[in-house]
Amino acid sequence: MKQHLPIFKSVAIGVLSMAFAACNLNIPPQDQFSDPDAIKTVSNARSLLASAYLAYPHEEYAFSLLGNDFVPTSLSIKDISSLHLYNWDDREISKLAPTLWQGYYNVIAQCDALLERMQAVETQGQTEGAERQAIIAEAKTLKALSYFQLLRVFAPAYDLNPDAPGIVLKTQLGIEDKPRASIRDVVAMIRRLLTEAVQTPHDPARNGWLSQTAVQYLLADLALYAGDNEAAITYGKSVLGKSNDAYFTPDGINSLWQSNSYSGRIFAFNIHTSYYAGIQSSAREGDYFCLNPQLDYVASDVRRASFVYPFVMDGVSRTLFGKYNRANKTNQAIGYINTMRYAGAYYIVAEAYCRKGDTEAARTLMNHYWHCIGVAEAPAGTSNQVLLQLILTDKQREFAGEGVNFFDLKRTHLAALPRQTQWGTGTSNTISTGDYRWCFPIPVSEYRFNRVEQNAGWPSN
């Protein structure tokens, strides 16, 4: 297959430059991955890894609509597709599911292609040797992150039944006729990939590459997902050991939404195209959705300045979504999509402490963060369940619009999810914790190749 080599090298090396030119990613065909001479240098390997990063799906806005971050505005009816998604319309979820399934597996295929070729990569000197190991660790981490997302989207919560069907685990490039592995087995695979990756010391200068700290963060998040509270605390505290209170000042928090690389981010995907533009109807009229009014940011909360965007709609000052939306409205460049940051580790560790019954440790930890950001601290004597609810509520406030709340609601399944009327003044419907739509449908195209089992409630043809 040597005849494919010049084509593949052109695509693989060029894919990074295409990204910076804001073009769509053009993934090389899988037969070009199989050339043993296609990747021989760390430079070529890094280029293919960059294409895998760029292929990662970004549907944070869609997941935020499905969660409890937003409520409709007077303009929502103008974007009927998003309004249907907000209302959990089967057809809209069915349209989103194949994009996510194919997108995450595309990333996994590219990571597999890279990992299969890394033994052939030649290095000269310690620097290239360290870079080779870093690329391997990053590819395993990105593959693990993609599996984790697939699991959280297409499988039920871990604690409901860890032996229920999860997702298809790929072991090689190309077509594999395999059933869905159990949730437990998928978690074990993700943990294995991350445990291997975390052995490599790696602290890249830019936010767009997965670091050793990012691996520890993912291990903590995975442990919380699987109910392993001790591991969540251990890995989460390793992350917090590298944190800095300066990240939680007004300037520090505002830096998260700017285009420069920033040490307060643990990991963020590079973005060189428009992002989160879909929430805005027009600069004059406002947005299709606004922040849930229950997510009140008190005046002393230093997050308020960047998380909220006040805007007059229908003659009233509304609380619109800030962050990326604010950047778009003020014509600021968006360079990164925040995926892991130090604040998240506080919520992971504090929740794990609560769930193992160590209420005081959870209270002390969260009070430190809340003191930094100007939020009222939990008083001594706060009960375990009250504190847990405070943590989960403020976590939603922290990550509003970032697609996190949907997965927390699914994982914890504590209460029905309200679908609210215009401006959040009432409830039009509720989504029960047992609703079949929490698990997205397995795409029909998957039936061609794998002996997969469709999720309950969805049609199997």
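Heads up: these notes are all about the structure in this document. Because the structure is a prediction, the values reported are computed rather than measured. (Residues numbered from 1 in each chain as written. Predicted model: local features only at pLDDT ≥ 70, side-chain atom pairs only at ≥ 80, totals over all residues. Heavy atoms only, no water.)

## As for the packing of aromatic side chains
Part 1 of the reasoning: Going through the model one piece at a time under the given rule, you end up with 40 aromatic pairs.
Part 2 of the reasoning: Between Phe 148 and Tyr 225 the ring centres are 5.4 Å apart and the planes differ by 85 degrees, which places this aromatic pair in the edge-to-face class. One end of the pair, Phe 148, is in helix α7 (residues 125-154); the other, Tyr 225, is in helix α9 (residues 212-225), with 77 residues separating them in the sequence. The residues Phe 148 and Tyr 225 share a single accessibility class, namely buried.
Part 3 of the reasoning: Geometrically, the ring pair formed by Tyr 309 and Phe 311 is stacked, given 6.3 Å between the ring centres and 25 degrees between the ring planes. Residues Tyr 309 and Phe 311 agree in their burial class; the two are buried.
Part 4 of the reasoning: The rings of Tyr 61, Phe 70, Trp 257, Tyr 275, Tyr 276, Tyr 297, Phe 307, Phe 321 and Tyr 324 are connected pair by pair, giving a single aromatic cluster.
Part 5 of the reasoning: Here Arg 152 stacks its cationic end above the ring of Phe 407, 4.8 Å away from the centre of that ring. (Phe/Tyr/Trp six-rings, centres within 6.5 Å; stacked < 30°, edge-to-face > 60°. Helix = DSSP H or I, 4+ residues; strand = E, 2+ residues; numbered from the N terminus. Buried < 20%, exposed > 50% of the residue type's maximum accessible area, 1.4 Å probe, protein only. Lys NZ or Arg CZ within 6 Å of the ring centre and 35° of its normal.)

## Focus: the side chain of Lys 329
Part 1 of the reasoning: With respect to the helices, strands and loops of the structure, Lys 329 is situated in helix α13 (residues 323-329).
Part 2 of the reasoning: A polar contact of 2.7 Å, which involves the side chain of Lys 329, links it to the side chain of Asp 287.
Part 3 of the reasoning: Setting aside its immediate chain neighbours within four residues, Lys 329 contacts Gln 280, Asp 287, Tyr 309 and Leu 320. (Polar contact = N/O pair within 3.5 Å; in protein donor to acceptor, adjacent residues only side chain to side chain. Contact = heavy atoms within 4.5 Å.)

## A short note on the packing of helix α3 (residues 42-55) against helix α6 (residues 90-117)
Part 1 of the reasoning: The N-to-C vectors of α3 and α6 enclose an angle of 170 degrees; their axes lie 8 Å apart at closest approach. Between α3 and α6, the crossing angle belongs to the class labelled roughly antiparallel. Listed contacts from α6 to Ala 45, Leu 48, Leu 49, Ser 51, Ala 52 and Ala 55 of α3 are Gly 103, Asn 106, Val 107, Gln 110, Cys 111 and Leu 114. (Axes fitted to C-alpha atoms, helices over the stretch in contact; angles between N-to-C directions. Parallel < 35°, antiparallel > 145°, perpendicular 65-115°, else oblique.)

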